[in-house]
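Structural overview
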Amino acid sequence: MAEVAEKLTPEGEKQSIRDITVAAEAQTKSGDNFYLITQRWWHGWLEYVNQNQSSIVNDGSSSENHESVGSSALKRPSCINNSDLVDETVSKDSDMDIELHDTLVEGTDYILLPQEVWNQFSMWYGGGPVLARKVISTGLSQTELSVEVYPLRLQLHLMPKGVSSVIRISKKETIGKLHQRAYEIFDLNSKQVYIWDYFSLRKHALMSDMEKTLDDANIQMDQDILVEVVNSNIDDGMNSIRENGSVDNGNVAVVPSHSSVPISEAVSSSKYTSTNGNAELSHAQNLNTEKAYGPSGVSTRGSSCGLTGLLNLGNTCFMNSAIQCLVHTPEFARYFREDYHQEINRQNPLGMVGELALAFGDLLRKLWAPGRAPVAPRPFKAKLARFAPQFSGCSQHDSQELLAFLLDGLHEDLNRVKHKPYIKSKDADGRPDEEVADEYWANHIARNDSIIVDVCQGQFKSTLVCPLCSKVSVTFDPFMYLSLPLQPATTRNMTVTVFTCDGSALPAAWSVTVPKQGRCRDLIQALSNACSLQINEKLLLAEIRGHLIYRFLEDPLISLSSIKDDDHLTAYKISKVLKNTKFLQLIHRREEHALGWKPYGTPLVSPISCDDTITRSDIQLLVHTMLSPMLRTTNLGAVTSRNVSMTTFDESHSARISEACADVNTADLRKGNGNSLKPVTLLKLPLQFVDENNACIDLTVGDDKVVKLSSSSMSILVFFDWSQKLLGSYDTSQIENLPEVCKYGHLGKKARNEPLSLYACLESFLREEPLVPEDMWYCPQCKERRQARKKLDLWRLPEVLVIHLKRFSYSRSVKHKLDTFVNFPIHDFDLTNYVASKSNTQRQIYELYSLTNHYGSMGSGHYTAHIKLLDENKWYNFDDSHISPINEEDVKSAAAYVLFYRKVNSDKCSVTNEST
C-alpha cells in the first residue's frame, strides 16, 4: 500500500485526505475513535502537499513554478513519530496505556484525526505510537460530541493488602466497568469486593450502582478509589479488616508496595498519589515544596516570577482570569507560599475538607515559581468540579460566579474557627451605630476567621424603614465584594466608512452616536451631519461581507439592532437629482497563488443613469474617476468630466499614468508639445463587466461597444483585477482596512469623560429604594410583611476591595450583556465620603492592581485579565497562556468586568513597594 502512496502527487494526497476527512466527520458518533498525531509531523506533511502554493508555505520555501512531485523542493515526510507526545517517565508497570504529557494543547502540540484518516496515513507512512481516543457525548443535553484526550486517571488502593495501581478509564464508562478493571488488575473475586469513592482518602460513597457512569458519580481526574476486600485470606502478613468492612474514622494511610511515581515528582504533589493524605505527609511535602519554590514573599523585581500563564483546558478562560487576579493579590501570594497548612479546617461541614485550599495553594506556588512555562490547571479544575459540579465540563461560565465560590470555599477551608459558637443577634434599640457595628463584627469574627476575611471582607450598614409604622431596623452585615449595577446604555457608537463616487475625496471613517434601539434613518442622519453632506447629496448605506456588498440598507426603518458590532458598514455619497439609476459596483480582485483571482478590499459604488447609452469606454472613464484619489502622484486633478471620450491631461500627467499602468494594454496616446493641454485617451484598466447571463466581458477592447444593462437587477458588477504593478501605483490602504462597526478595546480620552463613572455606579448601589415585592420585610412592630425602604451604606472597608460590574442581566427568556464603558479610576479611588462610620478618621484611598475583562457575547465570549506587578510597577495582559506587557492607559476598556483594588497607606500594604 505504501507503493500506491509513492505514486500519488502531493496534490493527490491532499485531495484524498480531504475527501476521507469530510466523509468521516459527517458520520462521527459517540464511541468512535480519533487519533492524535503530532503537530510537528502534520505541519511537515502540510508543507509537502502545499509546496506549490507559496502563500501557504513559510520561510521562503515556496516554489513559484508548478513542477511534478519528483522535482519538488520538499521531500515526502518520513514515518509518523508521535514520541514527543508521550510521557516516557511514567512507570511501565502501571496498568495504563501509553501516557501523554499532561500539558498538551490541541492545535499547538497535536491534532485529532478520524480513524479513517489515521488508517490512510498509517498505510502510506507507517510509524507511531498509535494514540487512539474515544468520542464521548457532553453538555447538559449530552448531544455535544468531544474527544476525550485525557480519560480519568484513577489510583486504585487495594486493602488490606496495601498495594495500589494507576489506571486510565473514560468518565463515560460505568461503575460496573470499573469493578471489572479492578478485579482483573488485582485478580479478585467479585463477591468479596466493595469499591468506594475514596476522595481525599475518605470514604464518600459505596460505588454499587453498576449502570451509573463515573461522570454521573462525580469521579474526578487523579482521584483515589478504595478497593476493599472483605473476609479474604490474602497472604500479606496483615490482619483482616472487620467483618463490616469499615475503617476507623473512614481514614486509611495507604503506602503502596510499588510506587509508580518518579522520585522527582514526589516532592511537589505527585499526580499519581493523593496530595496531603495525612498531616505528616502534608508537612513533609510543604517543606520540600518551600525549598523548590524559594523563599516566601511576593517580590518580582529583576525576576520572571509572577509571569506564568495558565493553559486553556477548553473554555476555562473564565477560571484562568479569576485565578490570576487572586494569585497576584500580594496578601494571598505571601500566605499560600508560606506554611498555611496548620490553618486548614478539615472538620468544617461548610468547607471542602481542605482540598480546595490545598489545590489552590499548589497552583499558586507553581505560578509564582521561576520560569514562564504555562501551567495546566487540571488538578485544580478537578477539585473545583468535585465540590462545584456547575463548573465541570467544558462549557463557558461566569468568571464572577467562579470567583465568589472560590473566595467562599477558601474561607471555609481555612477558617481558623473549628467550632462555631451560636450567637443570637441583638437589635440596635437606639444604641450608637459604632457600638452595634462593632458587636456585629465581633460576632462575625467569632464564627468566621480566615485569611479571606482578613483581606477581602468589609461591612455594610443596612437600614430598613417600614412604610406604615416607620419602624427602623439597622443591621451590620459582612460583604466579600460589591456588585454594582450599570445603567443600560441608551445610545450606541457606530463607525461607518464614507466613500465619494466622483473621485473628489478619499474614503473616511466616521464614528457617530445613535439610539441603541434606533433605525437606519437615525444612523444616516447622524452620518450626514458628521460628514457635512451637501443639500443635493444623500447616503447609500451598505453592509460588506467577504469583500462584497452583502446588502444595501435602503429601508430607513431597518432596526440598528440587526447590525452587529463586528459587522462592516460603508456609506456612498450619491446625488439626489439622479433619476432612473442603477449602481455600478466595482469589485476589487487580486491574484492568490493557485486560487486564481479572489475579491479583496472594499467595493466602490457609483450611480449610472439608465436613460443614457453606456459604452465600454464610459465605464473605463467612470472607474478612473472613482480611483483617481488613490493614485500615488501629486498635483493630479480628479477626473470629473463625462463630456469627453475620456479626459484631457498635460503631457506630464499622461506619462505618469502610462508608467502606473505599464502592464495593461494601452490605446494610442496623442501627445502635445511642451506643457500645452492636448486630448489623450486614458490607459485601459483591466476591467470585466458581468452581464445578465453572468458572463464576463473584457472592457479593455471595443471602446464604443454599448454595454447592455440588466433589466432585472439594480446592480452592475464590474471586476477590477489588480496586478502587482497597479497595487504599487495606487494607495489602496483606504479600501483594505475597513473598520468594524464597534471595535472592542479602550476608548478615546474624550469618550472616557462622558460615560458612566464608577462613582456613579456606587452611588446607584447605595441609593435608598423600596424592596421588590418578592423580597418583602417582616416588620416586627406591624407583625406584617411590608415593602420597606432599604438603604445600604459602607461601614467597614477591606484591605482588598473587589468590585463586580453587573454586565449580565437575566429575564425570563432573554439574557443581555451591557457593553457600557465605565470610567473607573486606576489611582486614588477615594471612598472616604462613602463610609458612614465616622470613628475612622483615615482617608479611604484605593489603587487598582488587577481586573478581569469579558469580550464578546454571553455564550461565546472570552475572558482575560489585566494585572499590575506591583514591585515592577508594570501592567501585563494575561490571556490564558499568553502574557504581554500593556500600557496603563490601555487598562480601561468597555470589557472591564471585575475590578481588584488595594487600600493605600495601610500597614498591610508594606509587603510590596509603596511607591507603586
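Shown above is the structure to which this text applies.
Notes on the structure in this doc start here. (Residues numbered from 1 in each chain as written. Predicted model: local features only at pLDDT ≥ 70, side-chain atom pairs only at ≥ 80, totals over all residues. Heavy atoms only, no water.)

This part takes up the sheet that holds strand β6 (residues 144–147). Pairing between sheet strands relies on hydrogen bonds along the backbone, with the strands arranged either parallel or antiparallel. Read across the open sheet, the four strands follow the order β3-β1-β5-β6; overall the sheet is antiparallel. The outermost strands of the open sheet, each flanked by one partner alone, are β3 (110–114) and β6. Looking at each pair of strands side by side, their axes are set apart by 40° on average, direction ignored. Across four bridges, strand β5 (residues 132–138) lies against β6 in antiparallel orientation. Pairing of T138 across the sheet is with E144, part of β6. Helix α4 (residues 115–125) contacts β1 (33–38) and β3 of the sheet and is inclined by roughly 100° relative to β3. (Pairing = 2+ DSSP bridges. Helix = DSSP H or I, 4+ residues; strand = E, 2+ residues; numbered from the N terminus. Axes fitted to C-alpha atoms, helices over the stretch in contact; angles between N-to-C directions. Contact = heavy atoms within 4.5 Å.)

It is worth spelling out the pattern of salt bridges at this point. Across all of its chains, the model carries 29 salt bridges by this definition. A salt bridge links K172 to D215; the shortest N-O distance between them is 3.2 Å. Here K172 is found in the loop between β8 (163–169) and α5 (175–186), whereas its partner D215 is found in the loop between β10 (205–206) and β11 (223–229), with 43 residues between them in sequence. Taking the shortest distance from any N to any O, the salt bridge between R902 and E331 comes out at 3.0 Å. Remark: E331 occurs in helix α9 (residues 330–337) and R902 occurs in strand β42 (residues 896–903); sequence separation between them is 571 residues. (Salt bridge = Lys/Arg side-chain N within 4 Å of Asp/Glu carboxyl O.)

Before going further, it helps to spend a moment on the sheet that holds β8. Across the sheet, five strands lie side by side as β8-β7-β11-β9-β10; this open sheet has mixed pairing. In the strand order of this sheet, the two ends are held by β8 and β10, each with one partner.

Below, the discussion takes up the nonpolar core. Ranked by size, the top nonpolar core spans 58 residues in total, and within it F332, F336, F360 and F380 carry the most contacts. It is helix α10 (residues 355–368) that provides the largest number of residues to this core, a total of nine residues. Those residues in contact with F336, other than ones at most four positions away along the chain, are A357, F360, G361, L364, R365, L410 and L414. (Core = buried A, V, L, I, M, F, W, Y, C linked by side-chain atoms within 4.5 Å. Buried < 20%, exposed > 50% of the residue type's maximum accessible area, 1.4 Å probe, protein only.)

Packed helices, taken two at a time, are described by the angle between their axes plus the distance between the axes. α10 packs onto helix α8 (residues 317–327) with a crossing angle of 75° between their chain directions and a minimal axis gap of 11 Å. Between α8 and α10, the angle is such that the two are roughly perpendicular. In this structure, α8 contributes I323, Q324, L326 and V327 to the contact, and α10 contributes F360, L363, L364, L367 and W368. The class makeup of the residues in the contact of α8 with α10 is eight nonpolar, one polar and no charged. (Parallel < 35°, antiparallel > 145°, perpendicular 65-115°, else oblique. Nonpolar A, V, L, I, M, F, W, Y, C, P; charged D, E, K, R; others polar.)

As a further point, take unusual backbone geometry. The omega torsion of the bond from G128 to P129 falls at 0°, within 30 degrees of zero and hence cis. Tracing the chain through its elements places P129 in the loop between β4 (127–128) and β5. Cis geometry marks the peptide bond from M159 to P160; its omega dihedral reads 15°. Relative to the assigned elements, P160 resides in the loop between β7 (152–159) and β8. In this structure, S470 is a non-glycine residue whose phi angle is positive, near 65°. Looking at the element boundaries, S470 is found in the loop between β12 (458–465) and β13 (472–479).

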